[in-house]
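Residue-level structural notes
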Amino acid sequence: MVRENLEEVRKRILEACKRAGRNPEEVTLIAVSKTKPVDMLTEAYNSGVRDFGENKVQELTEKCSVLPEDIRWHMIGHLQRNKVKQVIDKAALIHSVDSIRLAEQIQEEAAKKAVIADILLEINVAEEESKFGFKLEETEAAIREISTFPHVKIKGLMTIAPFVENSEENRPVFQKLNQFYVDMQRKNIDNVNMTVLSMGMTGDYEVAIEEGATLVRVGTGIFGTRYYMNT
């Protein structure tokens, strides 16, 4: 099933790019593999996937240890400061930096390991109380402060849009973040390489691509409904 689902998702990505007049090479598919067993990830890997997203630190570190080394692991779930040291040299990109304090912890752990941590700032565009993230009006100040951290590199922005029945309802959310993203690119802030816009999931990734996403995070659309370990 994974291979067939991937073909369908890739086809939809191509179609969304065509509608938006975008080059498909600008869009990277992240297979969100949270709660999925290793054999399903292997099937996705064998179908050409090299970017996998995990929500939990423990799952990311366990899978990282048994799967091929050329996989780029994305930490997409809420990251607690006391777990940073476990992923700092394993995650190619941390999507969910939602506070200055978390960025400071990442700076501290990255300095200890003499690495540069690539991060995205998580923006709560819709200002949902249930979601983490910076408010849009706080974000530029946060970018400027974090840009002074020598072991942290801001690569762009991420959002988790509201869960909606009709993906069109999230178009204004994606438009708003893309507009801000472009504004930040123009400001050309030192030590900020604003090239990544992570938005769109299984229910709305096509709309997100039409509105400028460079990374889309698709789980159910590839692996089917969630599989819980140890149940």
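Below is a short write-up of the structure. Treat the numbers as computed from the prediction; the structure is a model and nothing was measured.

Thoughts on the overall build of the protein
When you go through the protein residue by residue, the secondary structure sums to nine helices and eight strands. For 231 residues, the compact-globule formula gives about 17 Å, and the C-alpha radius of gyration of the protein, at 17 Å, lands near that figure. Projected onto its principal axes, the C-alpha coordinates of the protein cover approximately 45 × 40 × 30 Å. Residues classed as buried in the protein amount to 50% of the 231 residues present. Counting every atom, the protein has about 11300 Å² of accessible surface; 47% of that belongs to carbon and sulfur. Positive and negative charge centroids in the protein, built from 31 and 37 side chains respectively, lie 2 Å apart.

Focus on the pairing of strand β4 (residues 91-97)
Counting buried residues along β4, six of its seven residues qualify, which places the element largely inside the surrounding structure. Sheet topology note: the strand β3 (residues 72-75)/β4 ladder contains three bridges and is parallel. In the sheet register, H74 faces β4, and the bridge partner there is L93. Direction of pairing for β4 relative to strand β5 (residues 117-122): parallel, over a ladder of two bridges. The residue of β5 that forms the bridge with I94 is I119. Between the parallel elements β4 and β5, the chain passes through helix α5 (residues 100-112) in a crossover that is right-handed.

A few points about the packing of α5 against helix α6 (residues 136-146)
As a packed pair, α5 and α6 sit with axes 11 Å apart at the nearest point and diverge in direction by 20°. If you check the angle between α5 and α6, you find them roughly parallel. Relative to α6, α5 is oriented so that their crossing is right-handed. Between α5, through I100, A103 and E104, and α6, the contact on the second element is made entirely by A142, E145 and I146. Among the residues forming the contact of α5 with α6, the class breakdown is four nonpolar, no polar and two charged.

Comments concerning the packing of α6 against helix α7 (residues 171-187)
As a packed pair, α6 and α7 sit with axes 12 Å apart at the nearest point and diverge in direction by 30°. In terms of orientation, α6 lies roughly parallel with respect to α7. Considering how the two elements wind past one another, α6 and α7 form a crossing that is right-handed. Across the interface between the two elements, L136, T139, E140, I143 and R144 of α6 pack against K176, L177, F180, M184 and K187 of α7. In terms of residue class, the contact of α6 with α7 is made up of five nonpolar, one polar and four charged.

About the cut-offs
Residues numbered from 1 in each chain as written. Predicted model: local features only at pLDDT ≥ 70, side-chain atom pairs only at ≥ 80, totals over all residues. Heavy atoms only, no water. Helix = DSSP H or I, 4+ residues; strand = E, 2+ residues; numbered from the N terminus. Rg over C-alpha atoms; globule rule 2.2 N^0.38 Å. Buried < 20%, exposed > 50% of the residue type's maximum accessible area, 1.4 Å probe, protein only. Areas by Shrake-Rupley, 256 points an atom, 1.4 Å probe, with all protein chains shown as cover. Lys, Arg positive; Asp, Glu negative; His and termini not counted. Charge placed at Lys NZ, Arg CZ, Asp CG, Glu CD. Pairing = 2+ DSSP bridges. Right-handed = clockwise from strand over helix to strand, strands pointing away. Axes fitted to C-alpha atoms, helices over the stretch in contact; angles between N-to-C directions. Parallel < 35°, antiparallel > 145°, perpendicular 65-115°, else oblique. Left-handed = near helix turned anticlockwise from the far one by under 90°. Contact = heavy atoms within 4.5 Å. Nonpolar A, V, L, I, M, F, W, Y, C, P; charged D, E, K, R; others polar.

Functional significance is not addressed by these values, which are geometric in nature.
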